[in-house]
Every structure is written in structure tokens, then in C-alpha cells.
Amino acid sequence: MARPSVSCSLTLLGPQDQIDAFKARCLRERDGAPAFDFGALVPLPPEIAAIDRDDLCAPLYAAAFAVVKRIQPDPKAWTTLSPATHDLMVRTARMLQGAGPDFSLDQIEKKLHEAGDRPGRDLLADGQLYLAALEKHGVLTALEWRDEHWGVPFNATDVELIEDRPGALSFSFETKSAPPTPIFTAIARAFPGLQGEAAAENADTWRYEATFKGDEVAGRCIELGEEALEP
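Parameters at a glance
- Residues numbered from 1 in each chain as written.
- Predicted model: local features only at pLDDT ≥ 70, side-chain atom pairs only at ≥ 80, totals over all residues.
- Heavy atoms only, no water.
- Helix = DSSP H or I, 4+ residues; strand = E, 2+ residues; numbered from the N terminus.
- Buried < 20%, exposed > 50% of the residue type's maximum accessible area, 1.4 Å probe, protein only.
- Contact = heavy atoms within 4.5 Å.
- Areas by Shrake-Rupley, 256 points an atom, 1.4 Å probe, with all protein chains shown as cover.
- Pairing = 2+ DSSP bridges.
- Axes fitted to C-alpha atoms, helices over the stretch in contact; angles between N-to-C directions.
- Core = buried A, V, L, I, M, F, W, Y, C linked by side-chain atoms within 4.5 Å.
- Polar contact = N/O pair within 3.5 Å; in protein donor to acceptor, adjacent residues only side chain to side chain.
- Phe/Tyr/Trp six-rings, centres within 6.5 Å; stacked < 30°, edge-to-face > 60°.

Enquirer: Quick one: what's the story with the overall build of the protein, residue by residue and with numbers?
Expert: Looking only at helices and strands, the protein features nine helices and eight strands. Burial statistics for the protein: of 231 residues in total, 40% are counted as buried. A sequence separation of at least 24 residues applies to 65% of the contacts in the protein between residues at least 6 apart. In the form shown here, the protein has an accessible surface area of approximately 12,400 Å², with 50% of it arising from carbon and sulfur atoms.

Next up, the structure:
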């Protein structure tokens, strides 16, 4: 299912040195256009950066590595996973174990191909990376980690500068599914000398509004249908 787009805006007011510091840290140029880098505020841990490719086959690779290294697939150890991913890993591990005690990597790749996937990379190397991410951070993909720590699955897109003058900076950007509320909190904590206003809207469904001053953020989500009923 496609994730809905969310239109966001951010306004920062305060000392110019703080605004300059924010711009230097968070606003980059990518392909000749401005880019708002969430990772500059909430960086990906090394284990997550190593798997930053949003691979739908991650559970297969991790399960394959676990089986080859004789790591017993213990469902209790994978309780942080979504039910669908948990089930896929357990079923994959059991399927691979069914190949026999002396199965080879070729047999594993054959089994994975029969399951609907043919790995194009080093299956064991990738599996080890995914399993390390799972053990340390409880997720199998960078997308899951970003959802949890950024509030959204991907970085900002379609960044457009609205205003840039002494003491004020304003720009708009797009995200997917939700407003990046952890990013707004990170801005408030990293740049306590700034005051800010943030907004996000998903078509005609809801609107999020937040203000921050110092290291505190106050936000609310408004159902637009409910707002229309207010006198």
C-alpha cells in the first residue's frame, strides 16, 4: 500500500547565529536543490546505516544467516518484529533447516528462489548485517528504524525555501504518512535559542500544528472534519 504524502512547513525565529547553525547542519544541497536532512538531527546508528537499502528480503537473508550459523530461530527473541515479519523469518528458517544438516549455500539460494526470491548479493554477509541490526535495535530494516525514530519512513523531499532573512527562516517539505514529530523535538533540543512553528497536513484529513521554544515542543493534531464543525 502506498504511503500518503504529507505537506509540511517549518518556521524558525531567533538569533542569526543559531539559524546559521541550523542551516549548516540540516539544510544541504542535493542535485542542485535544497534538502532537509533528518539524519543530521537524529543520525542512523552504524548497524542501521549498514542496511540502509530498505530491502524487502531482509527477513529471508537474516533467517538464512541464522540457519547457516546454527543460530536457533527462537520466536521469543524476535518479539520486536511485526507479526508478518516474525512469521516470515520463522517459516524461512524452518524451511531452510528442512534442507538437511549438510545443506550448502547453493541449496539455500535454491530454497529462497523457490520461495519467490533470488538473492543478488552476498546472502550471508547481508544476513549477518540484518541480524546484527535486529539484535541491537529490534528492527530488520532502516525503514522500520526511521519510522520509529524520525516518525516517518523516509527523509524529507521537495524542499522549498519560503523566507530567509536575518532572524527568520521558513521552508516547506514533504514526508510520507505522518509529521516528523521526533525531528521537531530534535530541533528544539539542538537549537534552544530558536522559537519555531511547524505544520503538517494530509490532504483534507488532518492537520498537525506545533510550536517550540527552548527545548520543549507543544503539538496537536486536528481532524479537519471535526474542525469544520466548530462554531
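Enquirer: Explain the sheet that holds strand 8 (residues 216-223) residue by residue, including any values.
Expert: The six strands are arranged 4-5-1-6-7-8 in an open sheet whose pairing can be described as antiparallel. Whereas interior strands pair on both sides, the edge strands pair on one side only; in this sheet they are strand 4 (157-165) and strand 8. Between one strand axis and the next, the sheet turns through 15° on average, direction left out of account. Bridge count for strand 1 (residues 5-13) against strand 5 (residues 168-176) is nine bridges, and the pairing is antiparallel. Paired with T11 across the bridge in strand 5 is S170. Seen against the sheet, helix 1 (residues 16-26) touches strand 1, strand 4 and strand 5 and runs at an angle of roughly 30° to strand 5. Contacts between helix 8 (residues 181-190) and the sheet are confined to strand 1, strand 5, strand 6 (195-202), strand 7 (206-213) and strand 8, with strand 7 contributing the most and set at about 15° to the helix.

Enquirer: Explain the nonpolar core residue by residue, including any values.
Expert: Counting 41 residues, the largest nonpolar core has L10, F22, F36, L41, F173 and I187 as its most contacted members. Among the elements of the structure, strand 1, helix 1, helix 6 (123-137), helix 7 (142-149), strand 5, helix 8, strand 6 and strand 7 are those that each provide at least two residues to this core. Of all the elements, helix 8 adds the most residues to this core, at five residues. Leaving out residues up to four positions away in the same chain, I187 has contacts with L10, L12, F22, F36, L41 and F212.

Enquirer: Describe the pairing of strand 8, naming the residues involved and giving the relevant values.
Expert: As judged from the eight bridges shared by strand 7 and strand 8, these two strands associate in the antiparallel manner. Across the sheet, the residue bridging to E209 is R220, located in strand 8. Two successive antiparallel strands, strand 7 and strand 8, enclose a turn made up of two residues, where G214 displays a positive phi of approximately 65°.

Enquirer: Summarise the side chain of D37; cite the residues concerned and give the values.
Expert: Residue position: D37 is located in the loop between strand 3 (33-36) and helix 2 (46-49). A polar side-chain atom of D37 sits 3.1 Å from a polar atom in the side chain of N155. If we skip the residues at most four places from it in the chain, D37 touches C26, R28 and N155.

Enquirer: Please set out the packing of aromatic side chains residue by residue, giving values where relevant.
Expert: Counted according to the given criterion, the structure contains 11 aromatic pairs. When the ring of F184 is compared with that of Y208, the centres are 6.3 Å apart and the planes differ by 10°; the resulting orientation is stacked. Of the two residues, F184 is situated in helix 8 and Y208 in strand 7; the sequence distance between them amounts to 24 residues. With a relative accessible area of 0%, F184 lands in the buried category.

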